[in-house]
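Understanding the architecture of this molecule
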Amino acid sequence: MSRETFASRNAATSSSPTVPSPPTTTYTVSSPRPRRRGGRKRRSTPLTIAMLAVLAYFLLPLFWLLVASTKSSQDLFNSFGLWFSEAPQLLTNIKNTFAQDGGVFTHWLLNTLVYALVSSLGAALIAAAGGYGFAKFRFRGDRAAFNLVLGAVMVPATALAIPTYLLFAEMGLVNTPWAIILPSLVNPFGLYLMRVYAEDAIPDSLLEAARIDGAGEARIFFRIGLRLLGPGLVTVLLFTLVATWNNYFLPLIMLNDPGLYPITVGLSSWAAQAQNGGAGGGGDMVALVVTGSLISVLPLVVAFLLLQRYWQSGLATGGVKQ
């Protein structure tokens, strides 16, 4: 091959056109469509109706009680039940209620307050101690004992009233305040609730650290356990407070002294007088019973309003954050 031919091929190779690169494809991502302003969540009409029916079921008796407390006994039977009369007399009814039978209603109210406070505080403390023990300690027969507690939850309190009366009669405690307070201290459901709550609310590492520092078990429970069990403790206290405040059957069979009656049994005795034609109490006994019922509801409402921030924030927040 001649030099001219080789040179011409080399020049042709070096001068060949470059291969163009493939075109780049650009993708555009469309932004999501903005939601319509004023968009609302779907509502269930049957569920709304059902909730309104439940709300009416709970609030209508309270509204009737408020309306009826403003009426005289005559207006209670001659006027529309769900609205006020032309001459409301709420303050007069309240004054007559506290003045009836020498002011015995005030005595009944104080008795109920003592029974409910002592019982609820004691039951909450016992339930907290028992639940803490079942949750954080292992001992022989702990499962059998806890199953026994669960079985006690299913036993109605009225089924135990007569055996309790016979037992207290042998001990000489019938017709005393202890006949109401001592049975109210036993709260199987509260113990179960505190056991479930204590498992997550109190970390085992915190208890081990306290033991390493030399703290005894009693000090650990009162200084650490009770503080962490606060929301659950308030929940049990509220449940026991309401149950003792509204307790009727147990005081009815345990007490025969009107000076020891709680407000439930006392109002029941007034209602019996009203059915007998108001004997010993004039013609307005029905109005006094209704007004006394309204007054008896108010302390429970106040208790819930004062303590709701503790138990509403409590039982679901007891877990240990990792």
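What you see as residue numbers is a count from 1 along each chain, following the sequence as written. With pLDDT at 70 or above as the cut-off, local features in this predicted model cover only qualifying residues; side-chain atom pairs require 80 or more to be listed or tallied, and sums for whole chains, interfaces and linings still use all residues. Side-chain descriptors were evaluated using all non-hydrogen atoms of the structure, hydrogens and water having been removed beforehand.

What follows deals with the overall build of the protein chain. When helices and strands are counted, the protein chain shows 15 helices and zero strands. Counting all 322 residues of the protein chain, 33% fall into the buried class. Long-range contacts, defined here as pairs at least 24 residues apart, represent 74% of the contacts in the protein chain between residues at least 6 apart. Each accessible area is a Shrake-Rupley estimate made with a 1.4 Å probe; only the visible protein chains count as cover when residues are assessed. Only carbon and sulfur atoms are counted for the fraction: they give 64% of the accessible area of the protein chain, which is about 21300 Å². Labels follow the DSSP assignment, with helices taken as runs of H or I lasting at least four residues and strands as runs of E lasting at least two, numbered in each case from the N terminus. The cut-offs for exposure are 20% and 50% of the maximum accessible area for each residue type, with area from a 1.4 Å probe on protein chains only; residues under the lower value are buried, those over the upper are exposed, and the others partly exposed. Note on contacts: a residue pair is in contact if any heavy atoms of the two residues lie within 4.5 Å.

Here we come to unusual backbone geometry. The residue Asp 101 is not glycine, and still its phi comes out positive at about 55°. Not every positive phi belongs to a glycine, and Asn 175 is a case in point at roughly 65°. Tracing the backbone shows Asn 175 in the loop between helix 7 (161-171) and helix 8 (178-184).

Time to look at helix 6 (residues 142-153). Working rule for helices: expected span equals 1.5 Å times residues minus one. In a regular helix each residue adds 1.5 Å, so 12 residues correspond to 16 Å; helix 6 covers 17 Å between its end C-alpha atoms and thus fits that length. Taken residue by residue, helix 6 has Asp 142, Phe 146 and Val 149 as its buried positions. Axial view of helix 6: buried residues confined to an arc of 50°, hence all on one face. Facing away from the buried side of helix 6 by over 90 degrees, the exposed positions are Arg 143, Ala 144 and Leu 148. The elements touched by buried residues of helix 6 are helix 5 (104-136) and helix 9 (188-201). The directions from the helix axis to the C-beta atoms form the arc being described.

With that settled, the discussion passes to the packing of aromatic side chains. Here the aromatic set is Phe, Tyr and Trp, taking the six-membered ring for Trp, and pairing holds for ring centres within 6.5 Å; pairs whose planes are under 30 degrees apart are stacked, those over 60 apart are edge-to-face, and all others are tilted. This structure, assessed with the given rule, holds 12 aromatic pairs. Centre to centre, the rings of Phe 221 and Phe 222 are 5.1 Å apart; their planes meet at 75°, and the pair counts as edge-to-face. Among the residues examined, Phe 221 registers a relative accessible area of 7% and is labelled buried. Using a relative accessible area of 49% as the deciding quantity, one classes Phe 222 as partly exposed.

Turning next to the environment of Lys 136. With respect to the helices and strands, Lys 136 occurs in helix 5. With a relative accessible area of 15%, Lys 136 lands in the buried category. Between the C-alpha atom of Lys 136 and that of Asp 204, which follows or precedes it by 68 residues, the distance is 7.7 Å. Ignoring any residue separated from it by four or fewer positions in sequence, one finds Lys 136 in contact with Ala 198, Glu 199, Ile 202, Asp 204 and Leu 207.

Below, the discussion takes up the nonpolar core. Formed by 28 residues in total, the largest nonpolar core has its most connected members in Phe 105, Met 254, Leu 255 and Trp 270. For this core, the secondary-structure elements that each account for two or more residues are helix 5, helix 8, helix 12 (230-245), helix 13 (249-254), helix 14 (263-275) and helix 15 (285-312). Leave out the neighbours within four places in its chain, and Leu 255 touches Tyr 115, Asn 175, Thr 176, Ile 180, Leu 260, Tyr 261 and Pro 262. Residues belong to one nonpolar core when they are buried, are Ala, Val, Leu, Ile, Met, Phe, Trp, Tyr or Cys, and are joined through side-chain atoms within 4.5 Å.

On to the confidence of the model for the protein chain, then. Per-residue pLDDT for the protein chain averages 82, and the proportion of residues at 70 or more is 81%. Scored from 0 to 100, pLDDT reflects the predictor's confidence in each residue. Element-level pLDDT for the protein chain is lowest in helix 1 (residues 3-14), with a mean of 47, against a maximum mean of 94 in helix 5. Note that residues 10-22 has pLDDT below 50 and, in this model, zero contacts with residues that lie over four places away or in other chains. Across residues 315-322 the pLDDT falls below 50, and counting only partners more than four positions away or on other chains, this stretch makes 11 contacts in the model.

Mapped onto the elements of the fold, Asp 142 is located in helix 6. Aside from chain neighbours lying at most four places away, what touches Asp 142 is Phe 134 and Phe 137.

A few words now on the packing of helix 5 against helix 12. Axes here refer to lines fitted to C-alpha atoms; in helices the fit is confined to the stretch in contact. Angles between the N-to-C directions go from 0 to 180 degrees. Where helix 5 contacts helix 12, the two axes come as close as 8 Å, and the packing angle between them is 145°. For the element pair helix 5 and helix 12, the recorded crossing hand is right-handed. Only Asp, Glu, Lys and Arg are considered charged, only Ala, Val, Leu, Ile, Met, Phe, Trp, Tyr, Cys and Pro nonpolar, and every remaining residue, Gly among them, polar. The residue inventory of the contact of helix 5 with helix 12, partitioned by class, reads 16 nonpolar, five polar and no charged. In a left-handed crossing the near helix is turned counterclockwise from the far helix by less than a right angle, and in a right-handed crossing that turn is clockwise.

Take the packing of helix 5 against helix 14 next. Where helix 5 meets helix 14, the closest approach of the two axes is 8 Å, and the angle between their N-to-C directions is 150°. By the angle between their directions, the pair helix 5 and helix 14 is classed as roughly antiparallel. Of helix 14, the residues touching helix 5 (which contributes Val 104, Phe 105, Trp 108, Leu 109 and Thr 112) are Ile 263, Gly 266, Leu 267, Ser 269 and Trp 270. The residue inventory of the contact of helix 5 with helix 14, partitioned by class, reads seven nonpolar, three polar and no charged. For classification purposes, an angle smaller than 35 degrees is called roughly parallel, one larger than 145 roughly antiparallel, one from 65 to 115 roughly perpendicular, and anything else oblique.

As for its position among the elements, Thr 240 is in helix 12. For Thr 240, a relative accessible area of 4% puts it in the buried group. Aside from chain neighbours lying at most four places away, what touches Thr 240 is Ser 119, Ser 120, Ala 123, Ser 184 and Asn 187.

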